[in-house]
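Structural description and commentary
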Amino acid sequence: MISTHKFSHNRHLQRCLGILVTLLTLSQSQAWAEPSVVLPEPTQIYELATPQQLTIPPQQLGEVLPASESETVSNEQDLLAPPPINTVVTREFPGMWQMRVPIDEVDSLYATYELKAVNGQSDGFSSSDRTNQNMRTHVEALPIVEVSRDETTNTAVVEGGVRLQFDLSTAAVAGEYGGVLTVTVNRQEK
């Protein structure tokens, strides 16, 4: 009976609670938006609270062009050289999802993420205007953090998120890019 319960619990955790689909949009024309997301605190064990859509603020000039107060050139070739440009822009979304779990499972949780462009290709976003154009994006899991603890129910609320690294050198066109980010929350067996 106990082993069946554990199997059912793992399957439940993997299948029912492990998937979060978040539509991510990268827009050049939108106003600056606050990257933090306010989620309702989950009330049930293994309940996953997530935003259905996450709008990523557009890149700012300071992210693409390195800060430089002045530069000197020694010849005409240096004067005509293109300015240095950051081709990778990094954004963090630490509180992208929350889940209520038993306290004894907090340290055994981990999340994995998969990113697919709207056009179905992996590891990036695709242009909303020209779906054959992609921008590679690296997804890195941020640590899962305990947010609160309820000793009466012996549960804790944990949250996790991602670090996205946009490779601007692979974006052939400007504009909005979108994709689907899937997160799976599992626990390591002890």
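For the structure given in this document, a descriptive report is provided here. This is a predicted model, so every value here is computed, not measured.

1. Points about the nonpolar core
In this structure, Trp97, Met99, Tyr113 and Val185 are the most contacted members of the largest nonpolar core, which totals 27 residues. Listing elements by their share of this core, those giving two or more residues are strand E3 (53-56), strand E4 (88-102), strand E5 (109-117), strand E9 (155-167) and strand E10 (177-187). Each residue touching Tyr113, except ones within four places of it in the same chain, is listed here: Met96, Trp97, Val139, Ala141, Gly160, Gly161, Val162, Leu181, Thr182 and Val183.

2. A few points about the side chain of Thr155
Residue placement: Thr155 occurs in strand E9. Within polar-contact distance, the side chain of Thr155 engages the side chain of Thr153 at 2.7 Å. Setting aside chain neighbours within four positions, we find Thr155 in contact with Ile45, Arg100, Val101, Pro102, Ile103, Arg149 and Asp150.

3. Quick word on unusual backbone geometry
Phi is positive for Tyr46, close to 70 degrees, though the residue is something other than glycine. With respect to the helices and strands, the residue Tyr46 is situated in the loop between strand E1 (20-26) and strand E2 (48-49).

4. Examining the side chain of Asp167
Take Asp167: it is sitting in strand E9. Note on Asp167: relative accessible area 15%, which makes it buried. Of note is the side chain of Asp167, whose polar atom sits 2.5 Å from the side chain of Ser169. Excluding anything up to four places from it in sequence, Asp167 contacts Thr87, Met135 and Arg136.

5. Remarks on the environment of Thr137
By the secondary structure assignment, Thr137 is in strand E7 (residues 134-141). Considered as a pair, Thr137 and Asp123 are 14 residues apart in the sequence and their alpha carbons are 5.7 Å apart. Contacts of Thr137, omitting those with residues within four sequence positions, involve Leu115, Asp123, Gly124, Phe125, Leu164, Gln165 and Phe166.

6. Let's talk about the pairing of E9
In terms of residue burial, E9 counts as a mostly covered element, since 10 of its 13 residues are buried. Looking at chain direction, E4 and E9 are connected through 12 bridges and run antiparallel. Bridging from a neighbouring strand, Arg100 pairs with Val157 of E9. The sheet contact formed by E7 and E9 spans five bridges and is antiparallel. Paired with His138 across the two strands is Gln165, which belongs to E9. Bridge analysis of strand E8 (residues 145-150) against E9 gives five bridges, and the strand direction is antiparallel. In the sheet register, Ser148 faces E9, and the bridge partner there is Val157. Between the end of E8 and the start of E9, which pair antiparallel, lie four residues, with Asn154 showing a positive phi angle near 60 degrees.

Each value, and the rule that gives it
- Residues numbered from 1 in each chain as written.
- Predicted model: local features only at pLDDT ≥ 70, side-chain atom pairs only at ≥ 80, totals over all residues.
- Heavy atoms only, no water.
- Core = buried A, V, L, I, M, F, W, Y, C linked by side-chain atoms within 4.5 Å.
- Buried < 20%, exposed > 50% of the residue type's maximum accessible area, 1.4 Å probe, protein only.
- Helix = DSSP H or I, 4+ residues; strand = E, 2+ residues; numbered from the N terminus.
- Contact = heavy atoms within 4.5 Å.
- Polar contact = N/O pair within 3.5 Å; in protein donor to acceptor, adjacent residues only side chain to side chain.
- Pairing = 2+ DSSP bridges.

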